[in-house]
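Observations on the three-dimensional arrangement
Residue-level listing of the chains:
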Amino acid sequence: MQIRCTKADHRDLQIIGVCSDPQCQQQRPYCNFCLPIHFLHLNKLIPQELLNEWIQVRMECINNVQVIISQCNKDLESIRKLFNPYINFNLEKLNELEISKIDQLIKGLCQIEIFEQLLLQQFSQLALQLQQIAMDFKDLMKNQYSRIYLQEQQSSIITPLIQQQSSNHISQYQQQSVKSLKFNRLKSNSIKQDGRCYAIAFNNDDSFILIGCREKIKVFQHEKGNLKEIQLLNEHKRDVSTLNFMKKTNHFVSGSGDQIIIIWQPNQINQWNCLQKLDGHLNWISCLILNKEDSLIISGSEDKTIKFWEKQNEFQFQQVITDHLGEVFSLSLNKQENKLISSSKDKSIFVIEKQSLNNKWFIIQKIQLDQYGYRLHFITNQQFIFQPYLKKKMYIYELDINNNLYIKKQEQFVSCGSEVDNRFFPLQYKRLKQILINKNGKSINVMRIQENGEFRIEQIIEFGSCDNYGQLSQDGNYLVTWDSSSRQIQIRICQEK
């Protein structure tokens, strides 16, 4: 590998190896003068003489993945073939069959019903997980191609193959992103509900929906936009303000104006009971999030604090942050779950980082604002969005790798249509569909993130007042809302064209 370092002050030294650390933001091929900038991960440096072997090992990984995908396709195809006799069965000939044949037919159909009950939900959940993994990998590779393509010295380190792959990838994505989407209301599926509904939540496979109706929690079964109420929970004493299903189970967490956080667990017939109460805040629970492992609850409150609750045998209080001078409105974890952002009535956003040595969270940046806002959300580890109160623009912050600080990079027009707003109804982002739901006053801005990073408004849903609340399903196909004008729980389905 006879390549020279392109850094201006490195005297055109020969490249002696490459850095294989996934998180490294520096030039991967390195010379002797490059070594100090890789000192935190020296064990990830691959000397030139070992590079071919290292590449071969990665190519073997790719081959192994291809083998696994091929085997999965064969297994799924074998299952599909088992259904062929039933798919092709002519019901008009049922009366012509012998009793033994009818017996076999009914037994087979019964087994299919068992298969659906036991495995179909698992398949659906697994499919979503696989889609998420594929999306993550595609984003990773897309970002890598973009970084390589934009290097000023790209001609010395990029092969034509990678350039072609990048071009093909962007072209394919642009063709797909031409499709527009719209949420259409399923009018016949609306449910009359007089009391306010501040909080709504879907479980991981969208088969259950929780709706906080004042101090009560209604549990619904959900199937293709149809809701069937199956339970009413009465443990809270004041309005329910937050609802979050856990990721790995159908346990869920609720927060309320009674200052209490409750963890709920289901039994075998999908009836939920109070498992644990967390009593630590001195005012309304205004926002609450969980990590992917369901082992950490982070709650924000009108009492101006952010509290961390970690699961051991049960959830226990671990830490509090008291630096905000006003009510904490919103919380969001980045994808790596090592950074937390919070917004408050004190016109500030805090960036809070988890220290790996002691698992404690520390404020690393305080962003001062010209206006407070109720909503913010991480899009990637390097980017988050913030909606200032009643402004017709959304702020987009990005990480500056030179100083490791988040800086406002751009503003995006959004609809508002109101002179007041309510704090509930958090920002929501679904990566599989690249959909962003941003409530602002009377308006719900349905947005989609484009390949070039721009946010395009696909639809604006207008309500009669700012008193509207909602939640997007995990797969991004359904939007459930309640508003004070209609006094209805309304369901909308996403349609692309």
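Cut-offs used in this document
- Residues numbered from 1 in each chain as written.
- Predicted model: local features only at pLDDT ≥ 70, side-chain atom pairs only at ≥ 80, totals over all residues.
- Heavy atoms only, no water.
- Helix = DSSP H or I, 4+ residues; strand = E, 2+ residues; numbered from the N terminus.
- Buried < 20%, exposed > 50% of the residue type's maximum accessible area, 1.4 Å probe, protein only.
- Contact = heavy atoms within 4.5 Å.
- Areas by Shrake-Rupley, 256 points an atom, 1.4 Å probe, with all protein chains shown as cover.
- UniProt positions renumbered as here; feature names shortened; annotations may be inferred.
- Phe/Tyr/Trp six-rings, centres within 6.5 Å; stacked < 30°, edge-to-face > 60°.
- Lys NZ or Arg CZ within 6 Å of the ring centre and 35° of its normal.
- Pairing = 2+ DSSP bridges.
- Polar contact = N/O pair within 3.5 Å; in protein donor to acceptor, adjacent residues only side chain to side chain.
- pLDDT = per-residue confidence, 0-100.
- Core = buried A, V, L, I, M, F, W, Y, C linked by side-chain atoms within 4.5 Å.
- Axes fitted to C-alpha atoms, helices over the stretch in contact; angles between N-to-C directions.

Going by an unreviewed UniProt entry, the protein carries the name WD domain, G-beta repeat protein and comes from Paramecium primaurelia.

The helix and strand inventory of the protein stands at 4 helices and 32 strands. For the protein, buried positions account for 44% of its 497 residues. At a minimum sequence separation of 6, the contacts of the protein that also span at least 24 residues come to 47%. By element, 50% of the accessible surface of the protein is carried by carbon and sulfur atoms, the whole surface being about 27000 Å².

A few words now on the UniProt feature "repeat: WD" (unreviewed entry) in the protein. UniProt tags residues 233-265 and 278-310 as "repeat: WD" (unreviewed entry). Annotation note: span residues 233-265, helix share 0%, strand share 55%, distance between end C-alpha atoms 12 Å. A distance of 11 Å separates the end C-alpha atoms of residues 278-310, which is 0% helix and 58% strand.

Take the packing of aromatic side chains next. Working definition: an aromatic ring pair is given by the centre-to-centre distance plus the angle between the planes. Under the definition given, this model contains 22 aromatic pairs. Ring geometry for Y372 versus Y389: centroids 5.2 Å apart, planes at 25 degrees, classification stacked. On the criterion of sequence distance, the pair formed by Y372 in the loop between β21 (361-368) and β22 (375-380) and Y389 in the loop between β23 (383-387) and β24 (393-400) is long-range, its members being 17 residues apart. Each member of the pair Y372 and Y389 is classed as buried. Within the aromatic cluster, the residues linked to one another by ring pairs are Y198, W284, F424, Y469 and W482. Across the ring face of F317, the terminal group of K307 is positioned such that the distance to the ring centre comes to 5.4 Å. Directly above the ring of Y395 sits K408, whose terminal nitrogen or CZ lies 3.9 Å from the centroid.

This brings us to unusual backbone geometry. Phi is positive for R214, close to 55 degrees, though the residue is something other than glycine. Counting through the fold element by element, R214 comes out in the loop between β7 (208-213) and β8 (216-223). Classification of R214 as partly exposed rests on a relative accessible area of 35%. Here the phi dihedral of K304 falls at roughly 75 degrees; this positive angle occurs in a residue that is not glycine.

Here we come to the pairing of strand β27 (residues 435-440). The two faces of the sheet receive side chains in turn, since in a regular strand these alternate between them. Taking burial as the measure, the 6 residues of β27 include 6 buried ones, the bulk of the element. Residues I435, I437 and K439 of β27 are buried on one face, and the alternating residues L436, N438 and N440, pointing to the opposite face, are buried as well. Bridging between strand β26 (residues 428-430) and β27 involves 3 bridges; their strand directions are antiparallel. Counterpart to Y429 in the pairing with β27 is L436. Connecting β26 to the antiparallel partner β27 that follows it, the hairpin turn spans 4 residues, and Q434 within it adopts a positive phi of roughly 60 degrees. Where β27 lies against strand β28 (residues 443-449), 6 bridges are found, and the strand directions are antiparallel. When the sheet's bridge partners are listed, I435 is paired in β28 with R448. As consecutive antiparallel partners, β27 and β28 are separated by 2 residues, and within that stretch G441 has a phi angle of approximately 65 degrees, a positive value.

With that out of the way, let us pick up the side chain of Q428. Within the secondary structure layout, Q428 lies in strand β26. A polar contact is formed between the side chain of Q428 and the backbone oxygen of G470, at a distance of 3.2 Å. When residues no more than four places from it in sequence are discounted, the contact partners of Q428 are H377, I435, L436, I437, G470, Q471 and L472.

With that settled, consider the sheet that holds strand β3 (residues 45-47). The sheet built from 3 strands is open, its strands ordered β2-β1-β3 with antiparallel pairing. Edge strands, defined here as strands with exactly one partner in the open sheet, are β2 (29-30) and β3.

This part takes up the confidence of the model for the protein. Residue-level pLDDT values for the protein average 86, and 87% of them are 70 or greater. Confidence over residues 148-177 falls short of pLDDT 50; this stretch has 22 contacts with residues more than four positions distant or in other chains.

Turning our attention to the nonpolar core. Soluble, globular proteins show a tendency: their nonpolar side chains are buried together. Counting 29 residues, the largest nonpolar core has F183, I209, I211, I435, I437, V446 and V480 as its most contacted members. For this core, the secondary structure elements donating two or more residues are β4 (181-185), β6 (200-202), β7, β27, β28, β30 (468-472), β31 (478-483) and β32 (488-496). With 4 residues, β31 is the largest single contributor of residues to this core. With near-sequence residues (within four places) excluded, I435 lies in contact with L181, F183, Q428, Y429, K430, V446, M447, L472, G476 and C494. In this structure, L243, F245, I262 and W272 belong to the second largest nonpolar core, which totals 15 residues.

With that settled, the discussion passes to the sheet that holds strand β15 (residues 296-301). Pairing is antiparallel in the open sheet, where 4 strands are placed in the order β14-β15-β16-β17. Because the sheet does not close on itself, it has two edges, and the strands there are β14 (285-290) and β17 (315-321). Looking at each pair of strands side by side, their axes are set apart by 20 degrees on average, direction ignored. Bridge count between β15 and strand β16 (residues 306-311): 5 bridges; the pairing is antiparallel. Along β16, the bridge assignment pairs G300 with I306.

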